[in-house]
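Chain residues, written in single-letter form:
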2 protein chains.
Amino acid sequence: MESIISDDSRTLADRVFTRLQDDIVRGALLPGTKLGEAELASRYGVSRGPLREAIRRLESRKLLERIPHVGTRVASLSLGDLIEIYHIREALEGMAARLAATHMTDAEIRSLIELLALHEQQQDLREDVAYFQREGDLDFHYRIIQGSHNGTLIDMLIGGIYHMVRMYRYQFSTVANRPQRALQEHRRIAEALESRDAEMAEILMRRHISRARQNIEAQHGLGDAAVTPAASLSSTDRLSPETKQGPGPVEQSK
Amino acid sequence: MESIISDDSRTLADRVFTRLQDDIVRGALLPGTKLGEAELASRYGVSRGPLREAIRRLESRKLLERIPHVGTRVASLSLGDLIEIYHIREALEGMAARLAATHMTDAEIRSLIELLALHEQQQDLREDVAYFQREGDLDFHYRIIQGSHNGTLIDMLIGGIYHMVRMYRYQFSTVANRPQRALQEHRRIAEALESRDAEMAEILMRRHISRARQNIEAQHGLGDAAVTPAASLSSTDRLSPETKQGPGPVEQSK
DNA sequence: GGATCGCTTATTGTCGACAATCTTGCCGGG
DNA sequence: CCCGGCAAGATTGTCGACAATAAGCGATCC
C-alpha cells in the first residue's frame, strides 16, 4: 500500500498504461476529456510510440474511446451503460459466489467474516462516511471474486468490469444510500459461504446486485436526468484536457 | 458474408489486428507459436509500429501471451482454462437468455425458430458433418446473445469469450458428440423465448452450457491427457513460426 | 570433462521525423 | 444573412533507425 507511485514495470508502455488507467479510474481525468497524444506523451515523459500502445490497451478495456484520425477521449459511461454492467455483474458475481462456496479455503472464509465484522463495527460508529462504506463494499466483493479461484473470471471482473464501476462512481459521486440493508445482505452471503451452500450463495449475491441496480434505476428514474455531466460529444472543447492532476472531487486514494 | 478478406479499416493497425485475430482464431497460427515482430510485419506488409499496437490489443483479449523483452506467442488454452470459460459462459449466456426473453423482437424470435428448424432438418440428412453442427450451434447462441440487446454483454461474449471458444475448438478438433441432445435443448430454449418466459430461458440455457461442460470434463477425464499438443513453453523452438498459412488440421473456413 | 563466465548476435523497446487526414477559420456566392 | 467550398494549421498514422535487453555460443577455469 506504499509503493503505488513507482511502478517499476519492465517497459515504458506498461508503466504509462498503468498510470493512465489509474488517472482515469480515480477520476483525475474526467470522462469525455479529449486526450491529445503529444500532450499526454510529454506529461508522462515518454514518446508517442509506447503511449499509443497503452492507449490501444485501454481502448480494449473500454476505458478510452477512440475514433480513427480524430482522437481519443476518456470513456463516458451513460446510465444505460451502468445498468448493462450491473446485469453482467449479477450474472458473473453470482457465479463467483457459487464457485466460492465450493472453492474458498477455510482461512479465506474466516478472513471474510472478520472483514464483515469490521464493517459492521464501522457502520455503528460512523454513519456519515459513505466513502469507506463503498470501499468496504468493494473489498467484500473482491474477496468473494478471488474466492472463486477461477482465474479467467477474476481477471474479467477485477481487470475489466470493476474499473468501469469505480470510474462511474467518481463520475456521478455515487453514495451508498442503503448501507445497513447492504450490510445485512453481505452477512447472509457470508453465512451461505460458511455453510458451503453454493446454490444459496449465488441466489443471495444475485439478489444483492439486482437490488443495487433497481436502486440506481429508481434513483435516476425520478430524480433527474443528470446524464454525462462532464462533457458532451461536441467538438468545441478541444483544448480542455487540463483536468489532469487537479484537485478532483475525491482525491484521497486508498 | 462476402467481403471478409478485404478489411478496409481506416488504419493499418486496425487491419493487421483483424487479420492477426482471424489467423489465430481459425487456427492458421497454432497455439504456442512464437511470433517474431519483424517477420510478422513483413508478412502483413506493415511496419512494426502498427503491428505492436495490434499485438497489445490481442494481448488484452487473451489471444496472445507476451513476455517483456522476450517475445509474443499465440495463447495456448489448457483444459482448465476451457472449463473456466464454460463457467463464465454459463453465467453470461444464462443472463443473455433471460434478457432476450424480454427484449427480443417478435421478428428475431421468428427468425431464430426458423434457424432451429433448418438445423433439425440438416440433422436428419447428414449425421456425419460435425463441422456444420458446431457452426450451427454457434449461430444459435449468437442470435440469443444479440437478442439480449445489452451492448456490453454482446461485446464481451462475441468480441471476447467466443474467440477463445473457437480457438480452442481448432486446437483440440472438438467434435459435437451429443448433437441430437443439444438440438433438443435448443428447441426448448427457443420455446421459452417464444413464450417470453425469462426465468425458464435462463435456467434452460444454463443447463445447456453446464451439460456441455460436464461432457468435456468427462471426455477428457477418462480419455487421455492430450493437453497442449502444439508447443510447450520450452525455449528450444524459437525459430518455428512456420506454421502460418500451412494446411492445418481444419483449413476450411466459414 | 563439465560448468561457468563473457562475448556476439538477434530481438524487442523506444524515439524522432515524415506523410496522411481531419478540423477550423476565412472567403465568396447565393 | 446564411451556406458551401477552400486553404492553413494541427493532430493522428506510419515508418525507419537507434538503444537496451535477452538468448546463443564459445572459451576458459576448476
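Computed from a predicted structure; not experimentally measured. (Residues numbered from 1 in each chain as written. Chains lettered and ligands numbered in written order. Predicted model: local features only at pLDDT ≥ 70, side-chain atom pairs only at ≥ 80, totals over all residues. Heavy atoms only, no water.)

This next bit is on the protein's contact with DNA strand D. Around DNA strand D there are 24 residues in total, and Arg10, Arg48 and Arg52 of chain A together with Leu12 and Ser47 of chain B lie nearest to it. A share of 79% is what sugar and phosphate atoms reach among the atoms of DNA strand D within 4 Å of the protein. Arginine 66 of chain A is positioned with one of its side-chain polar atoms (N or O) 2.9 Å from a phosphate oxygen of DNA strand D. Within the contact set of DNA strand D, a phosphate oxygen lies 2.8 Å away from a backbone nitrogen or oxygen of serine 47 of chain B. Mapped by element, the contributors of at least two residues to the surface near DNA strand D are strand 1 (34–35) and helix 3 (48–60) of chain A together with helix 1 (12–25) and helix 3 (48–60) of chain B. Tallied by class, residues from the surface near DNA strand D come to eight nonpolar, seven polar and nine charged. (Near = heavy atom within 4 Å. Polar contact = N/O pair within 3.5 Å; in protein donor to acceptor, adjacent residues only side chain to side chain. Helix = DSSP H or I, 4+ residues; strand = E, 2+ residues; numbered from the N terminus. Nonpolar A, V, L, I, M, F, W, Y, C, P; charged D, E, K, R; others polar.)

A few words on the sheet that holds strand 1 of chain A. All names here are of chain A. Strand order in this open sheet of three strands is 1-3-2, and the pairing throughout is antiparallel. With one partner strand each, in any of the chains shown, strand 1 and strand 2 (64–67) form the two edges of the open sheet. Taken together, the four bridges between strand 2 and strand 3 (residues 71–74) define a ladder with antiparallel strand orientation. When the sheet's bridge partners are listed, arginine 66 is paired in strand 3 with threonine 72. (Pairing = 2+ DSSP bridges.)

So, on to the packing of helix 1 of chain B against helix 7 (residues 151–172) of chain B. Residue and element names in this part refer to chain B. For the pair helix 1 and helix 7, interaxial distance at closest approach is 8 Å and the crossing angle is 45°. Viewed along their axes, helix 1 and helix 7 adopt a mutual orientation that is oblique. Residue-level contacts link Gln21, Ile24 and Val25 of helix 1 to His163, Arg166, Met167 and Tyr170 of helix 7. Of the residues belonging to the contact of helix 1 with helix 7, the class tally is four nonpolar, two polar and one charged. (Axes fitted to C-alpha atoms, helices over the stretch in contact; angles between N-to-C directions. Parallel < 35°, antiparallel > 145°, perpendicular 65-115°, else oblique. Contact = heavy atoms within 4.5 Å.)

At the interface, 33 residues of chain B touch 34 residues of chain A. At the boundary of chain B with chain A, total buried surface from both sides reaches about 2900 Å², with 55% on carbon and sulfur atoms. Our count for the contact surface shared by chain B and chain A stands at 12 salt bridges. Salt-bridge contacts for arginine 52 of chain B lead to glutamate 53 of chain A; the nearest nitrogen and oxygen are separated by 2.7 Å. (Buried area = accessible area lost by both parts, 1.4 Å probe. Salt bridge = Lys/Arg side-chain N within 4 Å of Asp/Glu carboxyl O.)

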